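Listed below are the residues making up each chain.
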Amino acid sequence: MGSEAQYKNAMALNGEEGEYSEPVSPTGQYFNSSALSIGVLGVLDSEIPIDDSPTMKLLEDVFLPINPRFSSVMVQDENGAKQWKKVEVKLVDHVNVPVFPPGLSPESYDNYLSDYLSKIATEQLPQNRPLWNIHIVKYTTSNAAGSLIFKLHHALGDGYSLMGALLSCLQRAENPSVPLTFPALSSAPNLSENSNSVFRSLYSAFNTISDFGWSLLKSSFLEDDRTMIRSGDPGVQFKPVVISTMTFSLDHIKQIKTKLGVTINDAITGIIFFGTRLYMQGTSSDKLSNGNSTALVLLNTRTIGGYKSVKDMVKPDADSPWGNQFGFLHVSLPELASTAESCNPLEFIWKAQKLIQRKRNSKAVFFTGQLLEGLRKYRGPEATAKYIHSTLKNSSMTISNLIGPVERMALADHPVKSLYFMVVGVPQSLTITMVSYMGKLTVAIGTEKDFVDPQKFKSSVENAFQMMLKAAQAIA
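Note that the structure is a prediction, hence the values are computed from the model and not measured.

1. Looking at the packing of helix H7 (residues 250–260) against helix H8 (residues 264–283)
In contact at an axis separation of 9 Å, H7 and H8 are set at 105° when each is read in the N-to-C sense. In terms of axis orientation, H7 runs roughly perpendicular to H8. The segment H7 lies against H8, with Ile253, Lys254, Ile256 and Lys257 engaging Ile264, Ala267, Ile268 and Ile271. Tallied by class, the residues present in the contact of H7 with H8 amount to 6 nonpolar, no polar and 2 charged.

Next comes the structure, spelled out in C-alpha cells:
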C-alpha cells in the first residue's frame with residue numbers, strides 16, 4: 001500500500017530532546033485512524049509449560065532493539081504531521097498473564113483461551129504507550145502446554161515485517177547456531193507467456209482498466225450481498241470474534257498443486273473458496289449460497305525470495321523494507337453453479353488461479369496505490385482511511401498468508417509446537433489467515449460471533465480439502 005522508503009529516508013533525531021523521530025508512513029496513519037484500528041494477533045503454542053521468568057529480560061534485550069517503533073508512540077508534531085516518538089517503555093504495562101480457574105481439563109481451557117482471544121481481539125491498544133502487548137497463557141489446552149500471544153498494531157508493519165521481527169527472537173530448537181530455513185517460493189506461470197509482446201501489452205492494459213475500475217466501484221458503491229458469511233452490519237469490527245484453527249499437511253497440498261500445475265497459494269485459495277461456498281450452501285437458500293461474494297486477497301508488493309533480517313529491512317533503501325508493503329486483489333468467489341461442479345471441485349482451483357494470475361499481471365494494484373496517495377495528498381489520511389474501510393466493509397472476506405520455518409523453532413528454550421496469526425479490527429464477518437510451519441499449514445479463521453458458525457465453517461473447508469485431494473489423486 002505504497003512504499004515507505006521516502007519515510008525511512010526522513011528518519012531523524014530530535015536535536016533538542018534527543019528523541020528518535022520517524023514520520024509515520026501513510027499506511028501506518030490509515031491503520032491507526034478514526035476510521036480504522038487494525039491489529040495483528042500472533043500465537044505461539046509451546047510444547048512445554050511456560051516459564052515466564054525470563055520475559056522482561058528477553059523483551060528488553062531482544063524484542064525492543066528489533067525496531068525503534070516498538071519503543072515509540074504515534075504523536076502529532078507542531079505541523080499536524082504524525083511522527084513516531086521514542087519513549088521510555090514500562091515493560092510491566094505490556095505483559096499480561098491471565099488467571100483462569102485451576103484444575104480444569106484441557107478441553108475446558110480451550111474454551112477459556114478462545115474467550116480470552118476474543119476479548120483481546122476487540123480491545124484497543126492504548127495510544128499513550130507503544131502499540132504492542134504480550135499475553136502469557138500458562139494453562140494446558142488440548143493443543144499446547146501453554147501459549148504466548150503477541151498483539152501488535154498493524155501501523156507498526158505488515159505480516160512480513162512482524163514475522164521477520166518474531167523470527168529475530170526465535171532459534172532453531174535442535175541447533176540454535178544454525179539459521180532457520182524456509183520453503184522455496186514458487187510463482188505461477190504467466191498465462192500469456194506464449195503470446196507475442198503486443199498481445200501481452202494489450203491484454204495487460206485491458207485487465208488493468210477492468211480491474212482498477214471494478215476495484216474503484218467495489219470500494220465506493222458496490223457492496224457484496226448479505227450472505228451467511230457477511231452480515232453487513234455497521235460497526236462489525238467492534239463485535240466479538242471467534243478465532244479457531246485447523247491444520248493441513250503441506251505434502252497433501254503439494255500433491256494437489258503438482259497434479260494441477262498451479263502454485264501452493266492457488267491450491268490453498270481454491271480450497272478456501274470451495275469450502276466457503278459449501279458452508280454457504282449448507283446454511284442458506286440456493287440464492288444466498290451463490291450470493292455475490294468477494295474476497296480481498298492480500299498481495300505482498302515486495303520483490304522477495306524469503307525473509308530478510310530486521311537489520312536489512314530497516315535500511316533506508318532496502319529491497320524488502322520494513323513496514324506495510326502490500327495491496328488488495330478483489331477476487332470474486334466462483335459460484336457453486338451445479339451438482340456437476342460440486343463433483344469436480346478442482347474447477348475452483350483452476351478458476352481461482354486464473355482470476356488471481358490475471359489480476360497479478362495487471363497494474364491495478366499500482367494504480368490503486370496511486371489513488372490512495374492522491375486521496376492522502378488532497379483530502380488527508382483520514383479520508384483515505386475511510387476509503388480503505390469502505391473497501392473492506394463492502395467485501396465479504398480477507399485472505400492472507402505467511403511462510404514459516406521448515407524446522408522446529410524455540411523461544412527461550414521453549415519449543416514451538418505450532419503458530420498462527422489473525423488480523424483483527426477488520427470490518428468484516430470473516431477473516432482467514434494461513435501460515436506454514438514444519439510441513440504443516442495452519443489456517444486460522446476469524447468469525448463474527450453468533451453469526452458465522454466456526455465449527456460448520458471448519459467442517460466445510462475440511463470437506464472441500466478432502467474432495468479436492470481425492471479428485472487430484474484420481475488424475476492419471
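2. Quick notes on the packing of aromatic side chains
Counted under the stated rule, the structure contains 12 aromatic pairs. Centre to centre, the rings of Tyr109 and Tyr139 are 4.9 Å apart; their planes meet at 35°, and the pair counts as tilted. Note that Tyr109 is positioned in helix H4 (residues 106–122) and Tyr139 in the loop between strand S7 (132–137) and strand S8 (146–153), a separation of 30 residues in sequence. For Tyr109, a relative accessible area of 6% gives the class buried. Aromatic ring contacts, followed pair by pair, group Phe100, Tyr109, Tyr112, Tyr116 and Tyr139 into a single cluster.

3. Overview of unusual backbone geometry
We note that Ala412 has phi near 50°; this positive angle belongs to a residue other than glycine. Among the structural elements, Ala412 can be located in the loop between strand S14 (409–411) and strand S15 (414–424). In this structure Ala412 comes out as partly exposed when scored by relative accessible area, which is 31%.

4. Quick word on the pattern of salt bridges
Summed over all chains, the structure comprises 14 salt bridges. Of the charged contacts, one joins Asp224 and Lys218 as a salt bridge, the two residues approaching to 2.4 Å between their closest N and O atoms. As far as burial versus exposure is concerned, Asp224 and Lys218 are alike and both buried. The structure contains a network of salt bridges with shared partners spanning Arg226, Asp233, Lys239 and Glu448.

5. Some details on the environment of Val423
Within the element layout of this structure, Val423 appears in strand S15. Residue classification places Val423 among the buried positions, given a relative accessible area of 17%. Distance from Val423 to Lys151, taken between C-alpha atoms, is 9.8 Å for residues 272 residues apart in sequence.

Rules used in this analysis
Residues numbered from 1 in each chain as written. Predicted model: local features only at pLDDT ≥ 70, side-chain atom pairs only at ≥ 80, totals over all residues. Heavy atoms only, no water. Axes fitted to C-alpha atoms, helices over the stretch in contact; angles between N-to-C directions. Helix = DSSP H or I, 4+ residues; strand = E, 2+ residues; numbered from the N terminus. Parallel < 35°, antiparallel > 145°, perpendicular 65-115°, else oblique. Contact = heavy atoms within 4.5 Å. Nonpolar A, V, L, I, M, F, W, Y, C, P; charged D, E, K, R; others polar. Phe/Tyr/Trp six-rings, centres within 6.5 Å; stacked < 30°, edge-to-face > 60°. Buried < 20%, exposed > 50% of the residue type's maximum accessible area, 1.4 Å probe, protein only. Salt bridge = Lys/Arg side-chain N within 4 Å of Asp/Glu carboxyl O.

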